[in-house]
Amino acid sequence: MALGSQRWLAKGRASPRLVLLVVFVALLLDNILLTVVGHVPRTPPGHVPRAPPAPSRSCLQGGEFLAQENTRVGLLFASKALVQLLLNPWVGLLTNRIGYHIPMFLGFTIMFLSTIMFAFSGTYTLLFIARALQGVGSSFSSVAGLGLLASVYPEDSARGSAMGIALGGLALGVLIGAPFGSIMYEFVGKASPFLVLAFLALLDGALQLCILQPSRISPESTKATPVSTLLRDPYILVAAGALCFSNMAVAMLEPTLPIWMLQTMCSPQWQLGMAFLPASVSYLIGTNLFGILANRMGRWLCSMIGMAVVGISLLCVPMATNIYGLIGPNAGLGFAIGMVDSSMMPIMGYLVDLRHTSAYGTVYAIADVAFCMGFAVGPSTGGAIVRALGFPWLMVIVGVLNVAYAPLCWLLRSPPATEEKMVSQGRFPGVSYPRDLRELGINLPGVARSVLGSMPPASTDQKNSDKRRKV
């Protein structure tokens, strides 16, 4: 029995699919916690909130009150992204030195502590600390997890599919977190969703102990390219910019759309969360679908189309007069961001393989910095633009920005290798090398058939001698 379990563990540690499962579960739990916090009331026990203004025939006053009250909540939400933004480069450097397994397990440990802290926090300060602590855990989990996937899936198309599945865990967490938090709070209690998540996190930790062996230090076999060098690479900057601007769209929409719905549609409370359901479902579909298709159609093209659709979807949002009018634009937005994310994450690993050394922690730290920058800058600047110009102009500005950025993705169509990389591979700068025999016009099956067809048939004596040899 013990021998069988040891064989299963040894086989599991060598299986990229089980590594993918570990990363999927880590991203899933992190994003369930992210959205559960948004849908469980943050009012401390015994605290009586200030009453809103008396209701009137217009729903404008309620929106103004909500805009004022959301300042503290906005800071609470932004704290995670800001902490993650500052910590990611250091986590990338750490993974290059000690490998991905220990940082991954450290991320689980910190997230577990953050979840317990959320369950029993009674003041805004404790909630703020718990949210910032979650950002620390997310930084370790996301950077180490994506780098680990890139290392166990060296083949480009398989890596793209794995990244799409892992990002599907992120989307699924966002999708189920809101209803899970609301239902558990309503029928069980405020601490209940966090305690359930803490239990699931323990299971994830046990899975990591079995599969990843986090006590083992396994640094990268090749010396990692410095962060400063990667940040000077224009192709990496283009890919990071696509991640930042596309995700900034939904980051700006999350705090401003509910207020605009209260002001213009007099929407009931349940509709404020349901408005984002089409975006979550379509993002889940988009990441899994284009994790496979993007490699066939060209990841640069998939990203360019995705950013254009993000812009068009944002321009359509202010045209909605009720929640049903938001279904199309929000679904298009989520689907398009899924196209960009599932294309740009594998491109980051491909660019490092092509132009630098194949150590992935640093480049995925840059990718996560771009992602977090969108979610850190988006809500703060979005609120200021809404107050100055109004919600429709915010959608126009961000939508036009995404459409204008989309053509830059064409630069990722065929990025060249650096001279140092070509020399290390025994290739010479300035010489065009074909990717495979098809670029030389050679049809390998046809050549094989012609060679076999030109061979003379075996004689009868030769056939008899072959038979005697077999006997």
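Calculation notes
- Residues numbered from 1 in each chain as written.
- Predicted model: local features only at pLDDT ≥ 70, side-chain atom pairs only at ≥ 80, totals over all residues.
- Heavy atoms only, no water.
- Helix = DSSP H or I, 4+ residues; strand = E, 2+ residues; numbered from the N terminus.
- Buried < 20%, exposed > 50% of the residue type's maximum accessible area, 1.4 Å probe, protein only.
- Contact = heavy atoms within 4.5 Å.
- Areas by Shrake-Rupley, 256 points an atom, 1.4 Å probe, with all protein chains shown as cover.
- Disulfide = S-S within 2.5 Å.
- Axes fitted to C-alpha atoms, helices over the stretch in contact; angles between N-to-C directions.
- Left-handed = near helix turned anticlockwise from the far one by under 90°.
- Patch = residues over 30% accessible without salt bridge, like charges linked within 9 Å, V, L, I, M, F, W, Y side chains within 5 Å.
- Salt bridge = Lys/Arg side-chain N within 4 Å of Asp/Glu carboxyl O.
- Expected span 1.5 Å × (residues − 1).
- Polar contact = N/O pair within 3.5 Å; in protein donor to acceptor, adjacent residues only side chain to side chain.
- Core = buried A, V, L, I, M, F, W, Y, C linked by side-chain atoms within 4.5 Å.
- Phe/Tyr/Trp six-rings, centres within 6.5 Å; stacked < 30°, edge-to-face > 60°.
- Parallel < 35°, antiparallel > 145°, perpendicular 65-115°, else oblique.
- pLDDT = per-residue confidence, 0-100.

Some details on the overall build of the chain
Scanning the chain for helices and strands turns up 18 helices and zero strands. Counting across all 471 residues of the chain, residues that qualify as buried make up 46%. Looking at the chain alone, contacts between residues at least 24 apart form 84% of all its contacts between residues at least 6 apart. Carbon and sulfur atoms make up 69% of the accessible area of the chain, which amounts to about 23000 Å² in all.

What about the state of the cysteines?
Summed over all chains, the structure comprises zero disulfides. Unpaired in terms of disulfides, cysteine 409 finds its nearest cysteine sulfur in cysteine 302, a separation of 9.7 Å.

Quick notes on the packing of helix α11 (residues 277–297) against helix α13 (residues 327–355)
The geometry of α11 relative to α13 is characterised by a closest axis approach of 7 Å and an angle of 35° between their N-to-C directions. Relative to α13, the crossing made by α11 is right-handed. Contact residues: Pro278, Ala279, Ser282, Tyr283, Ile285, Gly286, Thr287, Leu289, Phe290, Gly291 and Ala294 in α11; Ile327, Asn330, Ala331, Gly334, Phe335, Ile337, Gly338, Met339, Asp341, Ser342 and Ser343 in α13.

Side note on a nonpolar patch on the surface
On the surface, Met274, Leu277, Val281, Ile285, Leu289, Leu293, Met297 and Ile305 cluster together into a nonpolar patch covering about 590 Å² of accessible area. Per element, the largest residue contribution to the nonpolar patch is six residues, and it comes from α11. Inspection of the secondary structure puts methionine 274 in helix α10 (residues 269–274).

Examining helix α15 (residues 391–405)
Counted at 1.5 Å a residue, the expected span for α15 with its 15 residues is 21 Å, and the 21 Å between its end C-alpha atoms agrees. Looking at the packing, one finds that the buried side of α15 touches α9 (234–264), α12 (299–316) and α14 (361–389).

A few points about the side chain of serine 303
Examined against the element boundaries, serine 303 turns out to sit in helix α12. Looking at serine 303, the relative accessible area reads 0%, which means it is buried.

Details of the environment of leucine 231
With respect to the element layout, leucine 231 can be found in helix α8 (residues 227–231). For leucine 231, a relative accessible area of 41% gives the class partly exposed. Here the alpha-carbon distance between leucine 231 and isoleucine 366, two residues 135 residues apart in the chain, equals 8.2 Å. The residues touching leucine 231, leaving out its near neighbours within four places in the chain, are Leu237 and Ile366.

Some details on the environment of serine 303
Note: C-alpha distance between serine 303 and serine 343 (40 residues apart in sequence) is 6.2 Å. In contact with serine 303, other than residues within four places in its own chain, are Val340, Ser343, Met344 and Cys409. Of note is the side chain of serine 303, whose polar atom sits 2.9 Å from the backbone oxygen of arginine 299.

Concerning the nonpolar core
Counting 77 residues, the largest nonpolar core has Leu257, Met261, Leu326, Met344, Met348, Tyr364 and Leu412 as its most contacted members. Of all the elements in the fold, those that place two or more residues in this core are α2 (16–39), α5 (124–152), α6 (156–187), α9, α12, α13, α14 and α15. Among the elements that take part in this core, α9 stands out by supplying 17 residues, more than any other. The residues touching leucine 326, leaving out its near neighbours within four places in the chain, are Leu257, Trp260, Met261, Met265, Ala275, Val317 and Ala320.

Structural notes on α13
In this model α13 runs 42 Å from its N-terminal to its C-terminal C-alpha over 29 residues, within 8% of the 42 Å that 1.5 Å per residue would give. Of all 29 residues making up α13, 23 are buried, and the element is well covered by its neighbours.

Considering the pattern of salt bridges
Summed over all chains, the structure comprises two salt bridges. Of the charged contacts in the structure, one is a salt bridge between aspartate 353 and arginine 159, with a shortest N-O distance of 3.0 Å. Of the two residues, aspartate 353 sits in helix α13 while arginine 159 sits in helix α6, which places them 194 residues apart along the sequence.

Looking at the side chain of asparagine 96
Residue placement: asparagine 96 occurs in helix α3 (residues 60–98). Engagement of the side chain of asparagine 96 in a polar contact is seen with the side chain of threonine 362, the distance being 2.4 Å.

Focus: the packing of aromatic side chains
Summed over all chains, the structure comprises six aromatic pairs. Their ring planes at 15° and their centres at 5.5 Å tell us that phenylalanine 118 and phenylalanine 194 sit as a pair that is stacked. Residue phenylalanine 118 is located in helix α4 (residues 101–120), and its partner phenylalanine 194 is located in helix α7 (residues 192–211); the two are separated by 76 residues in the primary sequence. Take phenylalanine 118 and phenylalanine 194: they sit in the same class, and that class is buried.

Some details on the packing of α12 against α13
At a minimum axis separation of 8 Å, α12 and α13 run at an interaxial angle of 155°. Here α12 lies roughly antiparallel to α13, going by the angle between them. In terms of crossing hand, the pair formed by α12 and α13 is left-handed. Contact with α12, carried on its side by Arg299, Trp300, Cys302, Ser303, Ile305, Gly306, Met307, Val309, Val310, Ser313, Leu314 and Cys316, involves Pro329, Gly332, Leu333, Ala336, Ile337, Met339, Val340, Ser343, Met344, Pro346 and Ile347 of α13 and no other residues of that element.

Here's the deal with the confidence of the model for the chain
Low-confidence regions, as indicated by low pLDDT, have predicted coordinates that should not be scrutinised in detail. Mean pLDDT over the chain stands at 77; residues scoring 70 or higher make up 74%. Highest mean pLDDT in the chain belongs to α12 (94); lowest belongs to helix α18 (residues 460–470) (47). Scored below 50 in pLDDT, residues 42–57 makes 18 contacts in the model with residues more than four places away or belonging to other chains. In the predicted structure, residues 427–442 sits below a pLDDT of 50 and forms 16 contacts with residues beyond four places in sequence or in another chain.

A short note on the environment of tyrosine 235
Within the secondary structure, tyrosine 235 sits in helix α9. Counting along the chain gives 174 residues from tyrosine 235 to cysteine 409, while the straight-line C-alpha distance between them is 9.1 Å. Every residue in contact with tyrosine 235, bar those within four places of it in the chain, is listed here: Leu351, Arg355, Leu411, Leu412, Pro415 and Pro416.

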